[in-house]
Amino acid sequence: MTQDELKKVVGLAALQYVQPDTVVGIGTGSTVMHFIDALATVKHLIKGAVSSSEASTLRLKNLGITIFDLNEIDTLSIYVDGADEINPHMQMIKGGGAALTREKIVAAVAEKFICIADSSKEVDMLGSFPLPIEVISMARTYVARELVKLGGMPKYRQHVVTDNGNIILDVHNLRIVDPITMEKTINALPGVVTVGLFAMRGADIALIGMADGMVKIMKK
């Protein structure tokens, strides 16, 4: 199966975790778009969705799914999102689509984080995919210097502005041996909005599309 077909398979598989009469947390990215399309087939059973990006919000609205502001919601039963990398401990790198801050916020409210991805995203150690960091513009060079001290090679993602009005630094050449410590260290830098390490709040369930079309289920 092609990579896109596998994304569609896991997007459909995630429907089994959608509970009737609830609000569903929605992530960002190409795999999530397949989940949104699948969710539209049961939209009459749910109250609506909370979205982590303008792109996902637009897709949801176009399919007639009601959008809720997260400030109106106390809790979400599930949050469904993709990953750029996921390790065996269910820790992830996210942010390739520059929506990492809102993704992290919505994930924090959800009772269960369900990661949907194809098998190419599975890694033993995080860091081959450049680590995205959302940064306030005036802090860009300062944060970049601090990231070099951590062993990374930060690169400014040009012509990209996040939905929050900030910029993205992508950090190359990191071997993230201890994702939780790295997440805390980078988040503590003044000017960093958040880092695309989802280690302290990793996935609870991962649905991984395999080359033969089967879905591997990983749980904490």
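Conventions we followed
Residues numbered from 1 in each chain as written. Predicted model: local features only at pLDDT ≥ 70, side-chain atom pairs only at ≥ 80, totals over all residues. Heavy atoms only, no water. Pairing = 2+ DSSP bridges. Helix = DSSP H or I, 4+ residues; strand = E, 2+ residues; numbered from the N terminus. Axes fitted to C-alpha atoms, helices over the stretch in contact; angles between N-to-C directions. Contact = heavy atoms within 4.5 Å. Core = buried A, V, L, I, M, F, W, Y, C linked by side-chain atoms within 4.5 Å. Buried < 20%, exposed > 50% of the residue type's maximum accessible area, 1.4 Å probe, protein only. Parallel < 35°, antiparallel > 145°, perpendicular 65-115°, else oblique. Left-handed = near helix turned anticlockwise from the far one by under 90°. Salt bridge = Lys/Arg side-chain N within 4 Å of Asp/Glu carboxyl O. Arc of directions from axis to C-beta.

1. Some remarks on the sheet that holds strand β2 (residues 48-51)
- Judged by pairing direction, the sheet is mixed, and its 6 strands sit side by side in the order β2-β1-β3-β6-β12-β13 without closing on themselves. Among the strands making up the open sheet, the edge pair consists of β2 and β13 (215-219). Going across the sheet, the axis of each strand differs from the next one's by a mean of 25°, ignoring polarity.
- Taken together, the 5 bridges between strand β3 (residues 76-81) and strand β6 (residues 110-118) define a ladder with parallel strand orientation. Within the sheet, the bridge partner assigned to isoleucine 78 lies in β6 and is lysine 112.
- Those strands touched by helix α1 (residues 3-13) are β6, β12 (205-209) and β13, and its axis lies near 155° from that of β6.

2. Describing the nonpolar core
- In terms of nonpolar packing, the biggest core is built from 25 residues, with Ile26, Phe35 and Leu39 touching the most fellow members.
- At the level of secondary structure, the elements contributing two or more residues to this core comprise α1, β1 (23-26), α2 (30-39), β3, β6 and β12.
- Among the elements that make up this core, the one with the highest residue count is α2 (6 residues).
- The residues touching isoleucine 26, leaving out its near neighbours within four places in the chain, are Val32, Phe35, Ile36, Leu39, Ala49, Val50, Ser51, Ser52, Ser56, Leu60, Tyr79 and Val80.

3. Section: the packing of α1 against α2
- Where α1 contacts α2, the two axes come as close as 8 Å, and the packing angle between them is 50°. In terms of axis orientation, α1 runs oblique to α2. Seen from above, α1 lies across α2 with right-handed handedness. Seen from α1, the contacting residues are Asp4, Lys7, Lys8, Val10, Gly11 and Leu12; seen from α2, they are Ser30, Thr31, His34, Phe35 and Ala38.

4. Regarding the pattern of salt bridges
- Inspection of every chain in the model, using the stated rule, returns 10 salt bridges.
- By sharing partners, the salt bridges in this structure join Asp81, Lys94 and Glu103 into a single network.

5. Things to note about the environment of asparagine 62
- Within the fold, asparagine 62 resides in helix α3 (residues 54-62).
- Relative accessible area serves as the criterion here: at 60%, asparagine 62 is assigned to the exposed category.
- Sequence-wise, asparagine 62 and alanine 40 are 22 residues apart; in three dimensions their C-alpha atoms are separated by 9.9 Å.

6. Details of helix α5 (residues 140-149)
- Looking at α5, one finds that the buried residues are Val143, Ala144, Glu146 and Leu147. End-on view of α5: buried residues confined to an arc of 165°, all on one side of the axis. For α5, exposure combined with an orientation more than 90 degrees from the buried face picks out Arg145 and Lys149.
- Looking at the buried side of α5, the elements it contacts are β7 (131-135), β8 (153-156), β9 (167-172), α6 (179-187) and β10 (192-195).

7. Here we look at the sheet that holds strand β5 (residues 92-93)
- On the basis of which strands lie adjacent, the open sheet formed by 3 strands has the order β4-β5-β11 and antiparallel pairing. This sheet does not close on itself; its edge strands, each paired only once, are β4 (85-86) and β11 (197-198).

Without other data, these values stay purely geometric and don't point to any function.
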